[in-house]
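Summary of structural features
Chain residues, written in single-letter form:
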Amino acid sequence: MYFSRSITKPLESLAIAAGKISQGDLSVQANTNSNNEIGMLAKTFNAMVKNLLEIREYPEKIINSMADSLFLLDADGKIKEINKAASGLTGYGNDELIGQPFNVITDTDYKVCVKTELMQNKDLFYKSKNGEEIPISASCSIIENDKKEITGIIMVGKDMREYETAQNRIKASEQQLRAANQQLNAGNQQLAASQKNLQDKLIELERFNKIAVGRELKMVELKQDIADLKKRLGES
């Protein structure tokens, strides 16, 4: 009787632990005190649980290491999970958003993703806890079961504030360049007008110089004629 209980009790304990695992509880551990076949089975069981825990934690680590925000919604648009980036972006903690409708943080209807099945780079706004409207470039995809029924929606959003800041800086630089170019064009026009004015004055000066030189030559000729006339008069 004692021998029978020493076998059935550990097996019952393993069965209870297996039942908890099937419900998603991976914190259970089987009793490994015995060194018989039951104890070896319990150790193998615990190793399996550890592997399952690592498998479950691996995608969670990847999701939480993402730079972009991620929201996992159920088929009714309620928030099931968020990553660290989503929490940091909106200022809400997990407990504040889990179970809440997606429109708590955006005016965009989650059904737009259901209708299109795949949405890429849609511009929308998230509303942070402090009331700030954050520009987002969002992409989403749906999750379906074997019956093609929608069981969830994955919404990934890229914070576009730095991009918009950079775009505004580029626009401001373009405006400054256009203003500088206009000033340069105006300066060139003034320079061209000054050059034309100078050329006109040079032409006028050359014309005056020619007239003055012509007059000077005529005076020289006249003086020579007077000298020749005086000479002839003296000889006579």
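Use the structure listed above.
First, a word on what this report is: a plain description of the structure on this page. (Residues numbered from 1 in each chain as written. Predicted model: local features only at pLDDT ≥ 70, side-chain atom pairs only at ≥ 80, totals over all residues. Heavy atoms only, no water.)

Details of the pairing of strand S4 (residues 133–144)
Convention followed: Pairing between strands is defined by DSSP: at least two bridges between them are needed. Working definition: helices are DSSP H or I runs of at least four residues, strands are E runs of at least two. Numbering for both runs from the N terminus.
Here S4 runs beside strand S5 (residues 150–159); their pairing, made up of nine bridges, is antiparallel. Its bridge partner lying in S5, Glu144 is registered against Ile150. Joining the antiparallel neighbours S4 and S5 is a turn of five residues, in which Lys148 adopts a positive phi near 65 degrees.

With respect to unusual backbone geometry
Of note, Lys148 is a non-glycine position whose phi angle comes to about 65 degrees, a positive value. With respect to the element layout, Lys148 can be found in the loop between S4 and S5.

A short note on the pattern of salt bridges
Stated formally: Any carboxyl oxygen of Asp or Glu that lies within 4 Å of a side-chain nitrogen of Lys or Arg is treated as forming a salt bridge with it. Type-normalised accessible area, obtained with a 1.4 Å probe on protein chains alone, sets the label of each residue: buried when under 20%, exposed when over 50%, and partly exposed for intermediate values.
Counted according to the given criterion, the structure contains five salt bridges. The shortest N-O distance in the salt bridge between Glu132 and Arg161 comes to 3.1 Å. Pair noted here: Glu132 is in the loop between strand S3 (118–127) and S4 and Arg161 is in helix H6 (residues 161–235), with a separation of 29 residues, a long-range link. The partner of Arg161 in a salt bridge is Asp159, with the nearest N and O atoms 2.7 Å apart. Here Arg161 falls in the partly exposed class, since its relative accessible area comes to 30%.

Details of the side chain of Asp74
What counts, and what does not: Polar contacts here mean pairs of N or O atoms no more than 3.5 Å apart (in protein, one a potential hydrogen donor and the other a potential acceptor; neighbouring residues in sequence count only if both atoms are side-chain atoms). In this description, contact between two residues means that some pair of their heavy atoms is separated by no more than 4.5 Å.
Tracing the backbone shows Asp74 in strand S1 (residues 69–74). There is a polar contact of 2.8 Å between the side chain of Asp74 and the backbone nitrogen of Lys78. Each residue touching Asp74, except ones within four places of it in the same chain, is listed here: Lys80, Thr151, Gly152 and Ile153.

As for the nonpolar core
Note the threshold: Throughout this description, the term nonpolar core refers to a set of buried Ala, Val, Leu, Ile, Met, Phe, Trp, Tyr and Cys residues connected via side-chain atoms within 4.5 Å.
Core analysis: the largest hydrophobic core is formed by 20 residues, its most contacted members being Phe71, Phe102 and Tyr126. Counting only elements with at least two residues in this core, the list comes to S1, strand S2 (79–82), helix H3 (84–90), S3, S4 and S5. Considering every element that reaches this core, the biggest residue donor is S4, with five residues. The contacts of Phe102, once residues within four sequence positions are left out, are Phe71, Leu73, Gly77, Ile79, Thr108, Tyr110, Tyr126 and Met155.

With respect to the side chain of Asn83
Note that Asn83 resides in the loop between S2 and H3. When its relative accessible area of 1% is taken as the criterion, Asn83 is described as buried. A polar contact is formed between the side chain of Asn83 and the backbone oxygen of Asp68, at a distance of 3.0 Å.

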